[in-house]
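What follows is each chain in one-letter form.
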Amino acid sequence: MGKQDSPKSPRPRSLIPDESSGLNDCQLRWTEMLKNNDPSLGRRISHWEKSTLVKSFENDNSVLKYTSFKGVCSGKRQIRWLRRHTKSILFTFTLMGFFLLLDSLMFSLFDPKFLKNIPPPRNEHSPKDRNAGYEYDQEKSPVMYSRLLHMAAVSLTEFDVFIVQRDADREETKFWKESYPQVAMWKPCADKKLKRAGTVNNRTGFILVSANGGLNQQRVAVCNAVAVASLLNATLVIPKFLYSNVWNDPSQFDDIYQEETFTNILKDDIDIVKELPSHLKSIDLKSIGSLVTDSELAKEATPDEYINNILPILLRNKIVHFLGFGNRLGFEQLPSRLQKLRCKCNFHALKFAPKIQKTGSLLVKRIRKYATERSMLENQLLGNFISTVVPFKTEASPSKYLALHLRFEVDMVAYSMCDFGGGINETKHLQSYREDHFPLLLERLKKTEPILPEDLRKMGRCPLTPEEAALVLAGLGFDRGTYIYLAGSHIYGGISRMLPLKSLYPNLVTKEDLLSPSELEPFNNFTSQLAALDFIACAVSDVFAITDSGSQLSNLVSGFRTYYGEGNYPTLRPIKKRLAAILQENSTIKWGSFDNRVKKMIEEGQRVRTREYGRSIYRQPRCKDCMCKHH
C-alpha cells in the first residue's frame, strides 16, 4: 500500500468530500478536527460547543453552506497573516504618527513666531560682519518663504527615514556629477610655449602695477598686466598690492604667491624683474606723466588704446605706473597669443605661497576626513602638501562635500537696494550704510526713476539669501547629511539670518570651525590670505554652488574647475531671475513642481558652452585660446 497523500494512495474516507452533503473541503477538515479533539484549536471553543457543532454538521447540511464555519476557516488564515505582518503593521502606524508629529514640528520650526524664541546656538562660529556689526532682533528673525521651508524640511526628513527603513545605500542626487559628459572633452593647454614677440631684451621700458581690491581682483590685475607687458614689449616689475581700508590687508605679492615660480613659468614670454633699476626709483612719475590711474584708462580697454595712449609714454619716459588697474583690459580684439598668455598666468604661473598651500591642504583633509587621490586641480593649488597616498582598507571612504559661496555681505546687500524681509530696522541700517559707503550711488539714484525692491527681485538683481540657497539645495535633492563648506564668513544678519540654512543642513562648517586658533593665527589680519584658503576649499570641492555670478571669487573658482576639472568638478549656478519667478509662487507651488523647476534651471546653467563674446576668459576658459578640445 502506498504512502498516504502519494499520487496512488486513496485519501482517507473521513477527508473525502461528500458531494451530496454540500460541504467544501475546508468545512470537512474543520469537522474532523472537532471530532478528534484536535489540540490546534486550543481554547477557542468549549467541549459543549464541539459536540454541538459536530452534530449540526451531520444533521443539517443545508445550514452548513451559510453558517460561520467557512468564516472560521478563513479567519484562521487571517490570524496567521496578522501574526506574520504584525511588525510591518506596527511600523506603518508608527511611521504615520512620526510624519504627523514631524509635520507639526516643521511648521512650528519655520514659523516666525517660533523663531523669535530660539536662543543663539552655543559655541557656534559667528564672525562679525565686516563694517556692519548688525545682528537681527530675535523677535524679527527674517523668514521669507516659511511654507517652502516647511515642505523642504519634510521632504528631506522623509528621504532620510525611508533610507533607514530600506537599510540601503544612500541614493545620491545626480548633481554630485556633471550633467553633461561632453565637458571632459576639453583639456588644459595654455602652458604650451608661445612664439615671443619682439626681442629678448627690454626695448620699450618698464611697467609697474599697483593693484587695488582684494585677492581675486588683484589676481586678475596681475594677469592683465602680464598681457599688457607682452603687448607693449615691456619689462614687468613684480606687481604691488595697494592697502585698502575695506580689505585691511598689507599682504604683498610674495605673501600670497610663489614669486620665483611666477617668474620661471613666464620667462619665455615676458621679462620680469623684482624691482625697478636704481635710476628710475627716484623719479617723480606723476610729474613726468607716467602715472596712469583708472580714471585715465577706459574699463576693459582695447589693445589699440594701449598702443595709441600708453606706448608713447613708455617710449618717452621708459616707465609707466598703472595705479589701481581694475579690469583695465578687455576680452575682445586681443591677439590669440595674449589671451593664451592670460590663461597661462592665471592657471599655471600664479601658485599660492607654501604657507597657504600647507594650511589649505590641512583644511581640505579635515573636511573630507580621509586622504584622497591627487587630481590635476589639487596638484595645481596644493602642490606637494596634498597627500598622494590613499589609506589602505579604510572602513569609510572620503567624505564628499559641497562648497557654498554666499555673497550676502553687508556691502552686497546694501548696494543691491533690495528688501530682505528684515523689517524697518534692517531698512534703516542699510540706508545708513549706503550713506557712509556709497554716497555716489545715492546721488545717482536721485536722478533716476526709483525701482521698487520687489521689481528688483523679479529682475534677478538681488543677492540670494541663505534661506534661498537652502531651498535651491533641497530642491536639487542634496540630503540633510550633506557636508557644506561655507566660503566667507561675514553673512549679513549673523546667526538669525543663517538659521533656515543651518536647520536644513546641520553639517555646515567654515574654515574657523575646522582650523584651530593657532593654525589660523598666521593669517589673522590678512584677509586676502584667508580668502586664498576659501579659494582652495571651494575649487577642490566635489560640488561648488555659487549665489552671485558677479563675484570674482566665484568666477575664478568656477574657471579653475572648468580648466582642470576633466569633467569631475560640477558647478551649480542659479539663474536668479528664473529663481525669483519660482519663489514668487511660495504660497501655492507644490514641492514636486518646485524641485523639478529648480533642477531644470541648474541643468540649463551647466550646459557645455564655449566662451561667449565679451565674457571673462578667467571664468570661461573653454575656448581655443585657453583649452584644447579632444574628440
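The rules behind these values
- Residues numbered from 1 in each chain as written.
- Predicted model: local features only at pLDDT ≥ 70, side-chain atom pairs only at ≥ 80, totals over all residues.
- Heavy atoms only, no water.
- Helix = DSSP H or I, 4+ residues; strand = E, 2+ residues; numbered from the N terminus.
- Buried < 20%, exposed > 50% of the residue type's maximum accessible area, 1.4 Å probe, protein only.
- Contact = heavy atoms within 4.5 Å.
- Areas by Shrake-Rupley, 256 points an atom, 1.4 Å probe, with all protein chains shown as cover.
- Pairing = 2+ DSSP bridges.
- Right-handed = clockwise from strand over helix to strand, strands pointing away.
- Axes fitted to C-alpha atoms, helices over the stretch in contact; angles between N-to-C directions.
- Parallel < 35°, antiparallel > 145°, perpendicular 65-115°, else oblique.
- Nonpolar A, V, L, I, M, F, W, Y, C, P; charged D, E, K, R; others polar.
- Disulfide = S-S within 2.5 Å.
- Phe/Tyr/Trp six-rings, centres within 6.5 Å; stacked < 30°, edge-to-face > 60°.
- Lys NZ or Arg CZ within 6 Å of the ring centre and 35° of its normal.
- Core = buried A, V, L, I, M, F, W, Y, C linked by side-chain atoms within 4.5 Å.
- pLDDT = per-residue confidence, 0-100.

With that out of the way, let us pick up the overall build of the protein chain. Within the protein chain, the secondary structure is distributed over 27 helices and 13 strands. Counting all 631 residues of the protein chain, 49% fall into the buried class. For the protein chain, the share of sequence-separated contacts (at least 6 apart) that also reach a separation of at least 24 residues comes to 79%. Taken as a whole, the protein chain presents about 32200 Å² of accessible surface, with 53% of it coming from carbon and sulfur.

The element strand 7 (residues 319-324) is largely enclosed, with a buried count of five among its six residues. Bridging between strand 2 (residues 206-211) and strand 7 involves six bridges; their strand directions are parallel. Counted as the bridge partner of Phe-206 is Ile-319 from strand 7. Bridge count for strand 6 (residues 291-293) against strand 7 is three bridges, and the pairing is parallel. Looking at strand 7, one finds that Leu-291 is bridged to His-321. Crossover strand 6 to strand 7 through helix 12 (residues 303-317) is right-handed.

This paragraph deals with the packing of helix 20 (residues 466-475) against helix 27 (residues 591-605). Running from N to C, helix 20 and helix 27 cross one another at 95 degrees; their axes reach a closest spacing of 8 Å. In terms of axis orientation, helix 20 runs roughly perpendicular to helix 27. Contacts between helix 20 and helix 27 pair Leu-471, Val-472, Ala-474 and Gly-475 from the former with Trp-591, Phe-594, Asp-595, Val-598 and Lys-599 from the latter. Classifying every residue of the contact of helix 20 with helix 27 by side-chain character gives six nonpolar, one polar and two charged.

Throughout the structure, instances matching the rule amount to four disulfides. For Cys-343, the disulfide goes to Cys-626, at an S-S distance of 2.0 Å. Its S-S torsion of about -125 degrees marks the bond between Cys-343 and Cys-626 as left-handed, since a negative value means left-handed. Here Cys-343 is found in helix 13 (residues 336-349), whereas its partner Cys-626 is found in the loop between helix 27 and strand 13 (627-629), with 283 residues between them in sequence. Note on accessibility: Cys-343 and Cys-626 belong to one class, buried. Residue pairing for Cys-418: its cysteine sulfur links by disulfide to Cys-462, the two sulfurs lying 2.0 Å apart. Linking Cys-418 and Cys-462, the disulfide has an S-S dihedral of approximately -90 degrees and is accordingly described as left-handed. With Cys-418 in the loop between helix 16 (410-416) and helix 17 (423-437) and Cys-462 in the loop between helix 19 (453-458) and helix 20, this pair connects stretches of sequence that are 44 residues apart.

A word on the packing of aromatic side chains. Throughout the structure, instances matching the rule amount to 19 aromatic pairs. Summarising the aromatic geometry, the rings of Phe-241 and Phe-253 are spaced 6.2 Å apart at their centres and angled 40 degrees between planes, so their arrangement reads as tilted. Residue Phe-241 is found in strand 4 (residues 240-241), and its partner Phe-253 is found in helix 9 (residues 253-256); the two are separated by twelve residues along the sequence. Each of the two residues, Phe-241 as well as Phe-253, counts as buried. Ring geometry for Phe-560 and Tyr-564: centres 6.0 Å apart, planes at 35 degrees, overall tilted. In this pair, Phe-560 and Tyr-564 both sit in helix 25 (residues 552-564), four residues apart, roughly one turn of the helix. Here Phe-560 and Tyr-564 have matching classes, each one buried. Ring pairing ties together the aromatic residues Phe-241, Phe-253, Tyr-257, Phe-262, Phe-347, Phe-352, Phe-535, Phe-560, Tyr-563 and Tyr-564, which thus form one cluster. Of note, Lys-355 hangs over the ring of Phe-523, and the distance from its end group to the ring centre comes to 5.0 Å. Lys-355 extends its terminal NZ or CZ atom over the ring of Phe-526, reaching a point 5.8 Å from the ring centre.

This paragraph deals with the environment of Gly-421. For Gly-421, the location among the structural elements is in the loop between helix 16 and helix 17. For Gly-421 and Pro-142, which are 279 residues apart along the polypeptide, the C-alpha to C-alpha distance reads 5.5 Å.

Moving on, we come to the sheet that holds strand 12 (residues 571-572). Pairing within the open sheet is parallel, and its five strands lie in the order 10-9-8-11-12. Pairing within the sheet leaves two strands with one partner each, and these edge strands are strand 10 (508-509) and strand 12. The pairing of strand 8 (residues 401-405) with strand 9 (residues 483-487) spans five bridges and is parallel. What sits directly across from Leu-404, in strand 9, is Leu-486.

Next up on the list: the nonpolar core. Soluble globular proteins tend to pack their nonpolar side chains together in the buried interior. Phe-262, Tyr-306, Phe-322 and Phe-352 are the most contacted members of the largest nonpolar core, which has 90 residues in total. With residues near it in sequence (within four places) discarded, Tyr-306 still touches Val-228, Leu-231, Leu-232, Leu-297, Ala-301, Leu-311, Phe-322, Phe-325, Arg-328 and Leu-329. Core analysis: the next-biggest nonpolar cluster, separate from the first, contains 55 residues, Leu-430, Leu-456, Leu-464 and Ile-602 among them.

What follows is about the confidence of the model for the protein chain. If pLDDT is low for a region, its predicted coordinates should not be looked at in detail. The share of residues in the protein chain with pLDDT of 70 or more is 72%, and the mean pLDDT across the chain is 81. Counting contacts from residues 109-133, a segment whose pLDDT is below 50, to residues more than four positions away or on other chains yields 45 contacts. Every residue in residues 388-395 scores below 50 in pLDDT, and together they form seven contacts with partners more than four places removed in sequence or on other chains.

Our next topic: unusual backbone geometry. Positive phi, normally seen in glycine, also occurs at Glu-300, with a value near 50 degrees. With respect to the helices and strands, the residue Glu-300 is situated in the loop between strand 6 and helix 12. Residue Gln-333 is not a glycine yet carries a positive backbone phi of 60 degrees. Tracing the chain through its elements places Gln-333 in the loop between strand 7 and helix 13.

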